[in-house]
Amino acid sequence: MTTLQELPQVRGVKNIPLQEGFTSGHRTCQGCESALTMRLMIKAAGPRTIVVGSTGCMYVANTTYYSTPWVVPWMHTQLGSSGSAATGTAAGLASMMRKGKMKDEPINVIAFCGDGGGVDMGLAGISAALQHDEYNLLILCYDNESYANTDIQVSGSSPWGANSTFSPPGKVHRIMNRRWKKNTAPMLAAGHPSCRYVATACASYGLDFTNKVRRALTIGGPTFIHVIDPCPKGWDYDPKYSHELGMLAVETGLWVQYEIADGELILSGPSRAIGNGVRHRKPVREYLQRQGRFAHLTEEDLEFFQGRVDDSWEKWWIPGIVPFSPPAGDGA
Amino acid sequence: MSTVAVEVVYRGIFQKTLARNIVRSIVFAARKEGKYGTAFGRYGDSPERNGIPAKQFAIVADDAEELEENLAVYEAQEVDVTINVDDTMCKGIESWAWYGLQPINALTKPGGTLIVTSRQETDALIEDIHRKDEPYNLSVLTSVPSFSGLWVYKDDHTDVRILGALAKVCPQLVSLESMVEAIQDQGWDDLKVRSAERAYERAGLRPVEPGEGNDETPFTFDLPGWTTMEEGLVIRGIEQGGGFRGAEGGYQPVRNSVFKKYSTRSMRPIVNFETCIKCTLCWLQCPDTCFDVTPDGLYDANLESCCGCGVCEAVCPVPECVTMINEAEFNDNASQYEAWQQNPEGYKQWMASLIEGEKKVERTHGFHHVGGYDEQLAAAGED
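Residues numbered from 1 in each chain as written. Chains lettered and ligands numbered in written order. Predicted model: local features only at pLDDT ≥ 70, side-chain atom pairs only at ≥ 80, totals over all residues.

1. Let's talk about the overall build of chain A
Heads up, the condition is: The way it works is that DSSP assigns letters per residue, a run of H or I at least four long becomes a helix, a run of E at least two long becomes a strand, and they are numbered from the N terminus. Our radius of gyration is a C-alpha quantity, and the globule rule it is checked against amounts to 2.2 Å times the number of residues to the power 0.38. Here the C-beta atoms are placed from the backbone, and a residue counts as buried if at least 20 other C-beta atoms lie within 10 Å of its own, exposed if 12 or fewer do, and partly exposed otherwise.
Regarding its fold elements, chain A presents 11 helices and 8 strands. Its C-alpha atoms give chain A a radius of gyration of 19 Å, near enough to 20 Å, the size a compact globule of 332 residues would have. Principal axes of the C-alpha set define a box for chain A whose edges measure 65 × 55 × 40 Å. For chain A, the residues scored as buried account for 60% of the 332 residues in total.

2. Section: the domain arrangement of chain B
The line we're drawing: In this entry, domain limits derive from an automatic or database-based domain assignment.
With domains assigned, chain B is organised as domain 1 (3-208) and domain 2 (231-257 + 267-358). The centre of domain 1 of chain B, based on its C-alpha atoms, is set 33 Å off from the matching centre of domain 2 of chain B.

3. Focus on the packing of helix α1 (residues 33-45) of chain A against helix α7 (residues 206-218) of chain A
Residue and element names in this part refer to chain A. Under the convention used in this document: Under this scheme, a helix contributes an axis fitted over its contacting stretch, all axes are lines through C-alpha atoms, and angles between N-to-C directions fall in the 0 to 180 degree range. The cut-offs work like this: below 35 degrees is roughly parallel, past 145 is roughly antiparallel, 65 to 115 is roughly perpendicular, and the gaps in between are oblique. Two helices cross in a left-handed way if the nearer one is turned anticlockwise from the farther one by less than a right angle. They cross in a right-handed way if the turn is clockwise. We call two residues in contact if the C-beta atoms placed from their backbones are at most 7 Å apart. Residue classes follow a fixed rule: Ala, Val, Leu, Ile, Met, Phe, Trp, Tyr, Cys and Pro count as nonpolar, while Asp, Glu, Lys and Arg count as charged, and any other residue, Gly among them, counts as polar.
Remark: α1 packs on α7, axes separated minimally by 9 Å, with the N-to-C direction vectors making an angle of 50 degrees. Taken together, the axis directions place α1 and α7 in an arrangement best described as oblique. Here α1 runs over α7; the crossing is right-handed. Two secondary-structure elements touch here, α1 through Leu40, Met41, Lys43, Ala44 and Ala45 and α7 through Gly206, Phe209, Thr210, Val213, Arg214 and Leu217. Taken together, the residues of the contact of α1 with α7 sort by class into 7 nonpolar, 2 polar and 2 charged.

4. Some remarks on the pairing of strand β3 (residues 108-114) of chain A
Residue and element names in this part refer to chain A. Here is the rule we go by: The pairing criterion for strands is at least two bridges between them, as found by DSSP.
Most of β3 is tucked away, with 7 of its 7 residues classed as buried. Alternating residues of β3 divide into Asn108, Ile110, Phe112 and Gly114 and Val109, Ala111 and Cys113, and every residue in both groups is buried. As defined by bridge partners, strand β1 (residues 49-54) adjoins β3 across 5 bridges and the pair is classed as parallel. Bridge pairing links isoleucine 50 to valine 109 in β3.

5. Describing unusual backbone geometry
Residues and elements named next belong to chain B. A cis geometry characterises the amide bond from serine 46 onward to proline 47, with omega recorded as -5 degrees. You can see proline 47 is positioned in the loop between β2 (36-41) and β3 (53-61). Positive phi is not limited to glycine here, since glutamate 320 has a value of about 55 degrees. You can see glutamate 320 is positioned in the loop between α8 (311-315) and β11 (322-326).

6. Let's talk about the environment of A:Gln291
Position of A:Gln291 among the secondary structure elements: in the loop between α10 (284-288) and α11 (299-314). Linking A:Gln291 and A:Val227, residues 64 residues apart in sequence, is a C-alpha distance of 19 Å. When sequence neighbours within four positions are dropped, the list of residues in contact with A:Gln291 reads A:Trp235, A:Asp236, A:Tyr237 and B:Phe367.

In structure tokens, the structure reads:
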């Protein structure tokens, strides 16, 4: 196993490093939250980092013909292979260092994937990567809830009812995406008991996200972070609301922020306040009605949506995270 | 025997439906006259990104063979009419890296026409548009640029008004009658037909003489050829950043030198350095890394890399500390911090006048909430 970098937790937003590893000049949309996720991710990780990116917006838009905004080394990998590329890169580094072919120093390995690459196609590869305890790596899934690069097709992470190229609302069938969003991070946490760190985050909460990246890179072994990224193109809203919609996703209880470190679950930010009952969830309609992809929803649909979110907080074993109940009579 | 080519230059995603409505209707109208036509988007613009300038074309020919000669091209060599649906693109457009800044009238034929939707005066627009060696005509359609999104279209009649004006300024393309038929065929109501007819009546031409206009030389690059590319398609990373403008303190990242992105911007932030509380939020939440950190802890928007998303204004906790202003008000990308340092009082007045002016014209960038477009259209109707 290679050594780990020292990346202390950042106390206060003013102590976030100034140094950039992902700079200007990328062909993303105005207000692209995924670009912000990339920027903050590498800010947290620092310059001694190798980034591997699977196909998606953050590949295509960031490597516009023979140019790049990356300061740190970056390499493209295929759509479904963020997990295997991360393992391969970490294993390669470990082997080169063991053989003395390169200096033995701590180097962060991060592989990112979109929800198409991570939640759909690359899930098996990520699962395999999270089993290889001997390699230090982070897999970061930036989730804009669709295949946004190819003009918004449904992914396993698209929410119920959302308009997309694959689910346009019609006169006869109003709701064309009838699948509920996949519960990815808890699935990976539950399925890989030896994986020491799984977290969810949002770049709208920049400090929280920075610290989660740092914890993931310093705890040891393979880790996974799932980040929700409001997408002005696919969600159809004025780009200036990217930050606000990220916050609304959390405040409505639709996106739960937490970290699972060494088997312990800790809710973070507003999710923790909601979980503790200190804060009420905002109505989901406040979030849905701000987005053009949900403009066709009727009152009935909004109530249905709210009902599903209420259930996840009121009926699930672990509110918002584990969607089943303990065996009868055992108590939880 | 003749071919007529029209290009629509538009803001990616925001005006995608608008551009499609225009180029398709042109082809539908041409078919009414027994001509042949095709409408297509520039291949390289896909996947489109919000705000990044993109193009769609309509080519109309007398027979199928002639049309074929003009197909399978990346971008037409020259067009009879250029339609620009957002006046801030008059300053030039940069679509991709190594592309440089393309003047808005780059493809407009000698004697051709540039149609612009704008509320600016014609002469103010000519100041922005790069000069050409050949004469061409400018036709201004008075309108606030129409922006919507991928799923919900703001039907403010900009599409049919442009079609009406187009029939007037380019009669060799199609007649107004065919255009009206094409509008009706698409199930659009009589109000839209009337909007097209009114635009036809009002459309005027302002001849632009050779050499008239913006004398700036648009920035260009040499595209690396295959012999100059590095082995294994290695692309050199960006250098580490350092102190603010070469100074000890602060921080300034090095940026991608071949893709600047500022032509994506239709609004820009102006910063009040005196009321700034240094909370870091504009800098932290900027997806484009556009804020340089000054030695005294202020944040100066680097206007070569700002694409005008407006997140900085949205996150700033101080009223009118960061304010988004219509890009048409500006003629350069100079540093605001330096301007403020040189003349704090003058900067304050300049800023106040811009903010005051901004309140008069609402410029929206897409969907705000369900029913929002209807409210905007109703409010516009009352004017």
